[in-house]
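# Fold and contact review
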Amino acid sequence: MKSPELLLPAGSLAKMRAAYDFGADAVYAGQPRYSLRARNNEFRLEQIGQGIQEAHARGKKFFVTSNLIAHNDKVRTYLRDIEPVIALKPDALIMADPGLIMQVREKWPEVDIHLSVQANTTNWATVKFWQKLGVRRIILSRELSLDEIEGIRNECPDMELEVFVHGALCIAYSGRCLLSGYFNRRDPNQGTCTNACRWEYGTQAATENSASGEAIPVAKLDSDFNFGEAAAEAESNFSTCGSGQRHPAADRIYLLEEKGRPGELMPIMEDEHGTYIMNSKDLRAVEHVERLAKIGVDSLKIEGRTKSLYYVARTAQVYRRAIDDAVAGRPFNPELLMELEGLANRGYTGGLLERRPANDYQNYVSGHSELHRSHFVGEVRSVREDGWVEVETKNKFSVGDRIEVIHPSGNRVVELNEMRNLDNEPVQVAQGSPVRVWVPLGLPSEGALLARLL
């Protein structure tokens with residue numbers, strides 16, 4: 001079995017280095033103007049050049065994401081701005097816009113192009129279309145099942161395929177969401193998504209004005225209204241629609257009110273398929289790595305260029321082990337599932353890799369991340385010969401806590417028995433960032449990460 005590439009996000013050079021340290025074969029990063037991460041993105045031309053240089057020195061790959069859906073103004077400047085990037089010799093450009101792909105192919109036919117998930121490739125015929133145009137790799141749509149991926153591989157045996165295995169899911173076809181642009185004029189397809197699908201919404205019952213078709217508020221829904229129960233009811237209602245009769249649930253109308261925008265009521269409809277609430281669970285497919293490797297997927301991709309250094313290190317470490325186990329013929333280790341619970345998440349789902357009921361990949365209860373197993377608390381900045389290490393704190397931890405030391409050479413758990421501040425005075429509690437403290441951990445290398453076990 002061929003080992004698939006492990007591809008990690010790099011929102012900064014520090015995160016890129018952590019990805020490589022913890023097992024990534026490649027990273028992807030992009031210029032803010034032309035990728036879908038305009039926020040929290042330090043990769044200007046200088047950083048891209050440094051990243052490519054460091055990656056190649058390690059024998060790793062560095063892909064430049066250039067996958068926005070361009071409007072005329074960005075088409076006008078694109079070739080000018082991408083030329084110095086191409087001169088730095090990235091391993092590939094990740095692109096979505098057919099017009100920009102055409103221009104790059106015409107001017108730099110030697111440059112490898114990977115088709116972004118933004119292009120929503122869902123079938124083998126589309127793969128062959130892009131292959132004829134010279135695209136090297138297809139990043140398949142997140143909306144495909146494992147069986148569909150296998151079908152595409154069987155029809156396109158000589159094309160590189162890439163599949164997302166971890167990270168946030170969109171509420172529309174991958175990336176094609178209009179909410180952020182609609183609510184506050186920040187277009188997700190131009191890299192400025194504000195994650196409006198994660199905001200906290202209240203609900204009001206409504207009725208439709210027969211003359212204008214406008215949704216009119218009736219009354220506030222009861223505080224114990226449960227969308228999970230409503231979804232189950234809708235699912236049951238849909239299963240009884242085989243007679244062709246329209247179920248009464250299909251006529252329900254609600255109004256949403258976002259917490260930070262009181263009085264701005266937005267209609268949301270429920271039809272015979274269910275009620276559509278906007279907060280998806282997070283994708284986790286570590287248990288499917290073996291199947292994807294057997295199918296012959298060339299690259300397994302993790303989403304999250306705006307996530308923390310801890311997220312990058314933990315996901316790289318876990319998926320590296322999953323890939324190595326699969327290739328070596330070892331059975332799946334369920335402990336990997338628990339290690340991913342140490343990351344803040346909105347509940348996990350296999351997404352559409354497996355066909356499941358809607359409530360298995362939709363989070364109807366909360367829109368915020370939850371910590372289930374551990375809490376990222378700090379980074380080791382320096383090491384003394386006596387085994388004490390200087391820690392830059394990220395979240396609060398205390399003497400008596402169980403601390404997991406996360407390191408490329410292997411993790412270990414210690415109980416924190418003492419702690420000192422920078423004046424060498426005993427302290428019991430290290431508050432959140434940006435405090436620095438000394439703790440005795442027994443000589444881990446600089447760059448180790450610490451997580452408090454809950």
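Below you will find a few notes about this structure. (Residues numbered from 1 in each chain as written. Predicted model: local features only at pLDDT ≥ 70, side-chain atom pairs only at ≥ 80, totals over all residues. Heavy atoms only, no water.)

## Quick notes on the overall build of the protein chain
The line we're drawing: Strands here are runs of E lasting at least two residues and helices are runs of H or I lasting at least four, both read from the DSSP assignment and numbered beginning at the N terminus. With a 1.4 Å probe rolled over the protein chains alone, any residue whose accessible area is under 20% of its type maximum counts as buried; one over 50% counts as exposed, and the rest are partly exposed. Contacts: residue pairs with any heavy atoms within 4.5 Å of one another. For the accessible areas, the method is Shrake-Rupley and the probe is 1.4 Å, while residue cover comes only from the protein chains on display.
Within the protein chain one finds 11 helices and 23 strands. Scored against the burial criterion, the 454 residues of the protein chain give a buried share of 52%. A separation of at least 24 residues holds for 67% of the contacts in the protein chain among residues at least 6 apart in sequence. Accessible surface for the protein chain amounts to roughly 20800 Å². Of this, 49% is attributable to carbon and sulfur atoms.

## A few points about helix α2 (residues 45–57)
So the rule is basically this: A helix is expected to span 1.5 Å multiplied by its residue count minus one. For this quantity, the arc is that covered by the directions from the helix axis to the C-beta atoms.
For α2, built from 13 residues, the straight-helix expectation of 18 Å at 1.5 Å per residue is met to within 8% by its first-to-last C-alpha distance of 18 Å. For α2, the set of buried residues is Ile48, Gly49, Gly51, Ile52 and Ala55. Buried residues of α2, viewed axially, fall in a sector of 165 degrees; they line one side. The outward face of α2, more than 90 degrees from its buried face, is lined by the exposed residues Glu46, Gln53 and Ala57. Structurally, α2 contributes buried residues whose contacts are with α1 (13–21), β3 (61–66) and α3 (72–87).

## Overview of the packing of aromatic side chains
Counted only if it meets this: Pairs were defined over the aromatic rings of Phe, Tyr and Trp, the Trp ring being its six-membered one, requiring ring centres within 6.5 Å. Orientation was assigned from the angle between planes: stacked under 30 degrees, edge-to-face over 60, tilted for the rest. Counting as a charge over the ring demands two things of the Lys NZ or Arg CZ atom: a distance within 6 Å of the ring centre and an angle within 35 degrees of the ring normal.
Following the criterion strictly, the structure yields 4 aromatic pairs and no others. Measuring from centroid to centroid gives 5.2 Å for Phe129 and Trp130, while their planes differ by 80 degrees, and the two rings are edge-to-face. Judged by relative accessible area, Phe129 falls into the partly exposed class, the value being 47%. Here the guanidinium or amino end of Arg142 rests over the ring plane of Phe164, the centre of that ring lying 4.0 Å away. Over the face of the ring belonging to Trp388 we find Arg420, whose NZ or CZ atom lies 4.2 Å from the ring centre.

## Some points on the packing of α1 against helix α10 (residues 309–328)
Selection criterion: Only the contacting stretch of a helix is used when fitting its axis, a line to C-alpha atoms as for every element, and angles between N-to-C directions run 0 to 180 degrees. Our angle categories are set so that under 35 degrees counts as roughly parallel, over 145 as roughly antiparallel, 65 to 115 as roughly perpendicular, and the remainder as oblique. Left-handed describes a crossing in which the near helix is turned anticlockwise from the far one by less than a right angle; the clockwise case is right-handed.
The contact between α1 and α10 brings their axes to 8 Å, and the two run at 20 degrees. Judged by the angle between their axes, α1 and α10 are roughly parallel. In the packing of α1 onto α10, the handedness of the crossing is right-handed. Contacts between α1 and α10 involve Ala14, Lys15, Ala18 and Ala19 from the first element and Leu309, Val312 and Ala316 from the second.

## Brief notes about the environment of Ile149
Within the element layout of this structure, Ile149 appears in helix α6 (residues 146–155). Once you skip the residues sitting within four places of it in the chain, Ile149 turns out to touch Leu140, Leu144, Val163, Leu292, Ile295, Val297 and Leu353.

## Here's the deal with the packing of α1 against α2
Under the convention used in this document: Any residue outside Ala, Val, Leu, Ile, Met, Phe, Trp, Tyr, Cys, Pro, Asp, Glu, Lys and Arg is labelled polar, Gly included; the first ten of those are nonpolar and the last four are charged.
Where α1 meets α2, the closest approach of the two axes is 10 Å, and the angle between their N-to-C directions is 15 degrees. Taken as axis vectors, α1 and α2 run roughly parallel relative to one another. Every pair of crossing elements has a handedness; the one defined by α1 and α2 is right-handed. Between α1 and α2, the contacting residues are Leu13, Met16, Arg17 and Tyr20 on the first element and Gln47, Gln50, Gly51, Glu54 and Ala55 on the second. Residues belonging to the contact of α1 with α2 are distributed by class as follows: 4 nonpolar, 3 polar and 2 charged.

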